[in-house]
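One letter stands for each residue in the lines below.
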Amino acid sequence: MNRLWDEGLQNERTRLAWVRTTAVLAVTSLAGAGVALREGTPVLAIVPFVPAVFCAVLLLTHTGVRYRRTQEALHGDHPLDNRADALIVWIGTLAAVAGAVVFVLGRFGR
């Protein structure tokens, strides 16, 4: 019997967690860029939000591949390497935070 595999829905829950993470990254980045534009922030202040949205789109399109690889790892009893996905999430998150900081500093500079 495979010691890593049981009949639970671990992979499905993991997939949903990645989709939630990606959706939050996309929505907050787009919302941040939208607020910055409506508030009259210079267009260059919106640039940090672009990589965040790109990372979110990349992660969302990669969801099916990640799900399949996780299934294979669980059934094949071998470890899964998600470091690339985690790195993309960190880059997107840092880009969104940088956009928020630029926006706030731009508001204080007025």
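On a predicted model such as this, the values are computed, not experimentally measured, just so you know.

### Some words on the packing of helix α1 (residues 10-38) against helix α4 (residues 83-108)
To describe two helices that pack against each other, one gives the angle between their axes and the distance between the axes. At a minimum axis separation of 10 Å, α1 and α4 run at an interaxial angle of 20°. Accordingly, the angle class assigned to the pair α1 and α4 is roughly parallel. Note that α1 runs across α4; the crossing there is left-handed. Note on element contacts: α4 touches α1 through D85, A86, V89, G92, T93, A96 and F103, opposite W18, T21, L25, S29, V35 and A36.

### Comments concerning helix α2 (residues 49-61)
The terminal C-alpha atoms of α2, which comprises 13 residues, lie 19 Å apart, in line with the 18 Å expected from a rise of 1.5 Å per residue. Listing the buried residues of α2 in full gives F49, A52, C55, A56 and L59. Looking straight down α2, one finds that the buried residues subtend no more than 120° of arc, so they occupy a single side. Looking at α2, the residues exposed on the side facing more than 90 degrees away from the buried face are V50, F54 and T61.

### Overview of the pattern of salt bridges
If you walk through the whole model with that rule in mind, you get three salt bridges. For R66, the salt bridge identified is with D85, shortest N-O distance 2.8 Å. Of this pair, R66 sits in helix α3 (residues 63-76) while D85 sits in helix α4, placing them 19 residues apart in sequence. You'll find R66 and D85 in the same group, each marked buried. Linking R68 and E72 is a salt bridge whose minimum nitrogen-to-oxygen distance equals 3.7 Å. Here E72 and R68 lie together in helix α3, a separation of four residues that amounts to about one turn. For R68, a relative accessible area of 44% translates into the label partly exposed. Looking at E72, the relative accessible area reads 44%, which means it is partly exposed.

Cut-offs used in this document
- Residues numbered from 1 in each chain as written.
- Predicted model: local features only at pLDDT ≥ 70, side-chain atom pairs only at ≥ 80, totals over all residues.
- Heavy atoms only, no water.
- Axes fitted to C-alpha atoms, helices over the stretch in contact; angles between N-to-C directions.
- Helix = DSSP H or I, 4+ residues; strand = E, 2+ residues; numbered from the N terminus.
- Parallel < 35°, antiparallel > 145°, perpendicular 65-115°, else oblique.
- Left-handed = near helix turned anticlockwise from the far one by under 90°.
- Contact = heavy atoms within 4.5 Å.
- Expected span 1.5 Å × (residues − 1).
- Buried < 20%, exposed > 50% of the residue type's maximum accessible area, 1.4 Å probe, protein only.
- Arc of directions from axis to C-beta.
- Salt bridge = Lys/Arg side-chain N within 4 Å of Asp/Glu carboxyl O.

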